Amino acid sequence: MTEPPAEAPPAEPPRYEPPRHEPPAQPPVYEIRVRGVLGRRWSPWFEGLDVSTGEPGQSVIMGPVLDQSALHGLLAKIRDLGLPLISVRVVDGTPR
C-alpha cells in the first residue's frame, strides 16, 4: 500500500506591515490665529513664519510647518506668551 501524499506545510499568514507615510513634498501651511497683537518682528521667534495682524486685536501666524512636533512647539510658544488661541487650521497655498 502506498501512503497518501504528504500535505504541504501551511503557508505563513501574511505579515502585517504598517502603512508607509512618505513626508509630503511640501509641508502643510498652517494659519494660527491668536488674541493679541504681535508685530512682524516676532517672525524669527516663530521659526520664520509670517506674523501679521488679522481682525482688530488679533494676530495671524502663518506658514509651512514641517510636522506635528513642530506644530506643538509653535503652540507651546504661543502658550508661553499667554496669548489666547483662537484657531489653528491647515490652509492651501503659500504664506503671504
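Everything discussed here concerns the structure shown above.
Keep in mind that what you see is a predicted model, and the values were worked out from it rather than measured.

Time to look at the sheet that holds strand β2 (residues 50-53). Pairing in this open sheet of four strands is antiparallel, and the strands run β2-β3-β1-β4 from one edge to the other. With one partner strand each, in any of the chains shown, β2 and β4 (85-91) form the two edges of the open sheet. Looking at each pair of strands side by side, their axes are set apart by 20° on average, direction ignored. Looking at chain direction, strand β1 (residues 29-35) and β4 are connected through six bridges and run antiparallel. In the strand pairing of β4, I32 is matched with V88.

Ranked by size, the top nonpolar core spans 13 residues in total, and within it I32, L38, F46, I61, V65, L74 and I78 carry the most contacts. Elements with a minimum of two residues in this core: β1 and α1 (68-81). When near neighbours in sequence (up to four residues on either side) are disregarded, L74 contacts I32, F46, E47, L49 and V65.

What follows is about α1. The end-to-end C-alpha separation of α1 is 20 Å, in line with the 20 Å expected for 14 residues at 1.5 Å each. Within α1 the residues assigned to the buried category are L71, L74, K77 and I78. For α1, the angular spread of the buried residues around the axis is 120°, confining them to a single face. Of the exposed residues in α1, the ones pointing more than 90 degrees away from its buried face are S69, H72, R79 and D80. Among the residues of α1, the N-terminal cap falls to D67, whose side-chain oxygen and the backbone nitrogen of S69 are separated by 3.2 Å. Of the residues flanking the end of α1, it is G82, one or two places downstream, whose phi is positive at about 75°.

Here we take up the packing of aromatic side chains. All chains considered together, the criterion is met by three aromatic pairs. A ring pair is formed by W45 and F46, whose centres lie 5.2 Å apart and whose planes are at 85°; its orientation type is edge-to-face. For W45, a relative accessible area of 35% puts it in the partly exposed group. Relative accessible area serves as the criterion here: at 0%, F46 is assigned to the buried category. Three or more aromatic residues joined by ring pairs form one cluster here, namely W42, W45 and F46. Above the face of the W45 ring, K77 is positioned so that its terminal group lies 4.9 Å from the ring centre.

Rules used throughout
Residues numbered from 1 in each chain as written. Predicted model: local features only at pLDDT ≥ 70, side-chain atom pairs only at ≥ 80, totals over all residues. Heavy atoms only, no water. Pairing = 2+ DSSP bridges. Helix = DSSP H or I, 4+ residues; strand = E, 2+ residues; numbered from the N terminus. Axes fitted to C-alpha atoms, helices over the stretch in contact; angles between N-to-C directions. Core = buried A, V, L, I, M, F, W, Y, C linked by side-chain atoms within 4.5 Å. Buried < 20%, exposed > 50% of the residue type's maximum accessible area, 1.4 Å probe, protein only. Contact = heavy atoms within 4.5 Å. Expected span 1.5 Å × (residues − 1). Arc of directions from axis to C-beta. Polar contact = N/O pair within 3.5 Å; in protein donor to acceptor, adjacent residues only side chain to side chain. Phe/Tyr/Trp six-rings, centres within 6.5 Å; stacked < 30°, edge-to-face > 60°. Lys NZ or Arg CZ within 6 Å of the ring centre and 35° of its normal.

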